Amino acid sequence: MNIAVVGLSHRTAPVEVREKLSIPEPQTESAIAHLLSYPHIQEVAILSTCNRLEIYIVTEESEQGVREVSQFLSEHSKIPTPLLRQHLFVLLHQDAVMHLMRVAAGLDSLVLGEGQILAQVKNTHKLGQQYNGIKTILNRLFKQAITAGKRVRTETSIGTGAVSISSAAVELAHMKVENLAACRVAILGAGKMSRLLVQHLVSKGAAKICILNRSVGRAQELAQQFPEHNIQICLLSEMMTVISECDLVFTSTSATDPILDRAKLELVLEPNRGLMLIDISVPRNVHADVNELANVQAFNVDDLKAVVAQNHESRRKMAQEAEGILEQEVEAFDVWWRSLETVSTISCLRNKIETIREQELEKALSRLGSEFGDKHQEVIEALTRGIVNKILHDPMVQLRAQQDVEARRRCMQALQMLFNLDAGEQFS
């Protein structure tokens, strides 16, 4: 078995490509089922965020498995494979394992050290289990990656004050706007990203904030987290009226198509009235044609790179510390992975001993006759199982504990020879 990851990120593809490959959470179940229908994919997990789409697989044939994932991505995005391939990266086994560790630790994020990605990795693990994409190998890999992400945040300072996409967006606005406190600000959406937007806006002095959402309840819950600020609540159906009175608009909704475009803005914006739009959604909430309007400035997640460059520079040393932790976690996973080749031998040995136990127990019970009660049979059954488990315990522990590959294989060969085992096909 082999592990592979096929994907794209802010490093390999612009937002207009990433949004076409985005897999919203409601589509995860069908996407996993589709991928598992391919003959060379045994396990699958899908990590889809605003800055990346990564598909992790377990496959017996890496080349065939990668080809099947690429085919799925092409069909999903409607981008021909030759065009899509130039944006994709492919990592196999050890490189794939380290990559997921780095992702979970926030070392591969647009904003170095950002904390939200670890929650997204956890959610990927949960959904993969829920929809039967994640089994033994990916389950272990994702658990190890989550542990790695937690350790990096606990044992280094990389997460201290780390900016997120939301705070980078506010920082961009702060750089572009002379007086943020005087700005009338609208936030479209009321999810986690919007909560962070409000948090960073109020820290920069913004005082006139309106949250728009499809449901009032969720927007009210968000506003109640900032009771000392007079945050206005509106429905998205009032969006254009609110925007017509605003100076700065952030968009962070789960809409799969643009909800703002040139035609809508032209209807409500007064001549010579300036408006700044900062879209941190993928797929984008703001159509590219708004840039054709003379007094509108529009930015998306790819425009945040200049803002976060300073963050990378100041955190480079902390990232080096984190890499050392990740190497330990990769080694821990590799030890477990190498131990998988013992599974067939251990299983075969246990089955053989169990067969002998059952046969000898049956002979003994038949000699004791029908007068021997059920209660006594249960006692003898438990006794023989206990003896077998105790005999097998030490050989199994020692075999799994052998970290040296050759030493472990010599042990397995000795067991197979001494007990005349046919362990069959093993993990490689």
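Since the structure is predicted, the reported quantities are computational estimates derived from the model, not experimental observations. (Residues numbered from 1 in each chain as written. Predicted model: local features only at pLDDT ≥ 70, side-chain atom pairs only at ≥ 80, totals over all residues. Heavy atoms only, no water.)

1. Examining the packing of aromatic side chains
Then comes step 1: Overall, the coordinates contain three aromatic pairs when judged by the stated rule.
Then comes step 2: Here the aromatic rings of Phe-333 and Trp-336 are separated by 5.6 Å at their centres, their planes lie at 40 degrees, and the arrangement is tilted. Separated by three residues within a single helix, Phe-333 and Trp-336 lie in helix H13 (residues 305-339), roughly one turn from each other.
Then comes step 3: Connected via pairs of aromatic rings, a cluster forms that spans Phe-333, Trp-336 and Trp-337. (Phe/Tyr/Trp six-rings, centres within 6.5 Å; stacked < 30°, edge-to-face > 60°. Helix = DSSP H or I, 4+ residues; strand = E, 2+ residues; numbered from the N terminus.)

2. Some words on the environment of Thr-251
Then comes step 1: Position of Thr-251 relative to the elements: it lies in strand S8 (residues 248-251).
Then comes step 2: Judged by relative accessible area, Thr-251 falls into the buried class, the value being 0%.
Then comes step 3: Put simply, Thr-251 and Lys-126 are 125 residues apart on the chain and 27 Å apart in space, counted from C-alpha to C-alpha.
Then comes step 4: Those residues in contact with Thr-251 that sit more than four places away from it in its chain are Leu-188, Leu-260, Ile-278, Asp-279, Ile-280, Ser-281, Asn-285 and Val-286. (Buried < 20%, exposed > 50% of the residue type's maximum accessible area, 1.4 Å probe, protein only. Contact = heavy atoms within 4.5 Å.)

3. Brief notes about a nonpolar patch on the surface
Then comes step 1: Together, Leu-383, Ile-387 and Ile-391 line one region of the surface with nonpolar side chains, adding up to about 300 Å² of accessible area.
Then comes step 2: Summarising the element assignment, Ile-387 is placed in helix H15 (residues 374-401). (Patch = residues over 30% accessible without salt bridge, like charges linked within 9 Å, V, L, I, M, F, W, Y side chains within 5 Å. Areas by Shrake-Rupley, 256 points an atom, 1.4 Å probe, with all protein chains shown as cover. Salt bridge = Lys/Arg side-chain N within 4 Å of Asp/Glu carboxyl O.)

4. So, the nonpolar core
Then comes step 1: In this structure, Ile-165, Leu-201, Phe-250, Ile-278 and Ile-280 are the most contacted members of the largest nonpolar core, which totals 40 residues.
Then comes step 2: Those elements that provide at least two residues to this core are helix H8 (165-176), strand S5 (184-188), helix H9 (192-203), strand S6 (208-213), helix H10 (216-224), S8, strand S9 (275-279) and H13.
Then comes step 3: Ranked by residue count, the leading element in this core is H8, at six residues.
Then comes step 4: Each of domain 1 (2-162) and domain 2 (165-301) contributes no fewer than three residues to this core.
Then comes step 5: Here Ile-165 is in contact with Cys-50, Asn-51, Leu-110, Val-111, Met-193, Ile-280, Val-301 and Leu-304, once residues within four sequence places are set aside. (Core = buried A, V, L, I, M, F, W, Y, C linked by side-chain atoms within 4.5 Å. Domains from an automatic or database assignment.)

5. Some remarks on the UniProt feature "active site" (unreviewed entry) in the protein chain
Then comes step 1: In this structure's numbering, the residues bearing the UniProt feature "active site" (unreviewed entry) are Cys-50.
Then comes step 2: When you line up the elements, Cys-50 lands in the loop between strand S2 (43-49) and strand S3 (52-59).
Then comes step 3: Looking at Cys-50, the relative accessible area reads 17%, which means it is buried. (UniProt positions renumbered as here; feature names shortened; annotations may be inferred.)

6. Examining the state of the cysteines
Then comes step 1: The tally for this structure, following the rule as stated, stands at zero disulfides.
Then comes step 2: The thiol of Cys-234 is not disulfide-bonded; the next cysteine sulfur, from Cys-210, is found 3.7 Å away. (Disulfide = S-S within 2.5 Å.)

7. Points about the domain arrangement of the protein chain
Then comes step 1: On domain assignment, one finds that the protein chain holds domain 1 (2-162), domain 2 (165-301) and domain 3 (336-419).
Then comes step 2: Computed from C-alpha coordinates alone, the two centres of domain 1 and domain 2 are separated by 30 Å.
Then comes step 3: In this assembly, eleven residues from domain 1 lie in contact with ten residues from domain 2.
Then comes step 4: Each partner contributes to the roughly 1000 Å² buried at the junction of domain 1 and domain 2, and carbon and sulfur atoms together form 65% of this total.
Then comes step 5: At the surface where domain 1 touches domain 2, the tally comes to one salt bridge.
Then comes step 6: Its salt-bridge partner being Glu-19, residue Arg-284 comes within 2.7 Å of it at the nearest N-O pair.
Then comes step 7: Remark: the boundary between domain 1 and domain 2 carries one residue pair in polar contact (both at pLDDT 80 or more).
Then comes step 8: With four residues, helix H1 (residues 15-21) is the largest single contributor of residues to the side of domain 1 that touches domain 2.
Then comes step 9: Its residues assigned to classes, the side of domain 1 that touches domain 2 comprises five nonpolar, three polar and three charged. (Buried area = accessible area lost by both parts, 1.4 Å probe. Polar contact = N/O pair within 3.5 Å; in protein donor to acceptor, adjacent residues only side chain to side chain. Nonpolar A, V, L, I, M, F, W, Y, C, P; charged D, E, K, R; others polar.)

8. Concerning the environment of Ile-278
Then comes step 1: Summarising the element assignment, Ile-278 is placed in strand S9.
Then comes step 2: Spatially, the C-alpha atoms of Ile-278 and Leu-248 are 7.9 Å apart, while their sequence positions differ by 30 residues.
Then comes step 3: Discounting residues that sit within four places of it in the chain, Ile-278 has contacts with Ala-169, Leu-172, Ala-173, Leu-248, Val-249, Phe-250, Thr-251 and Phe-299.

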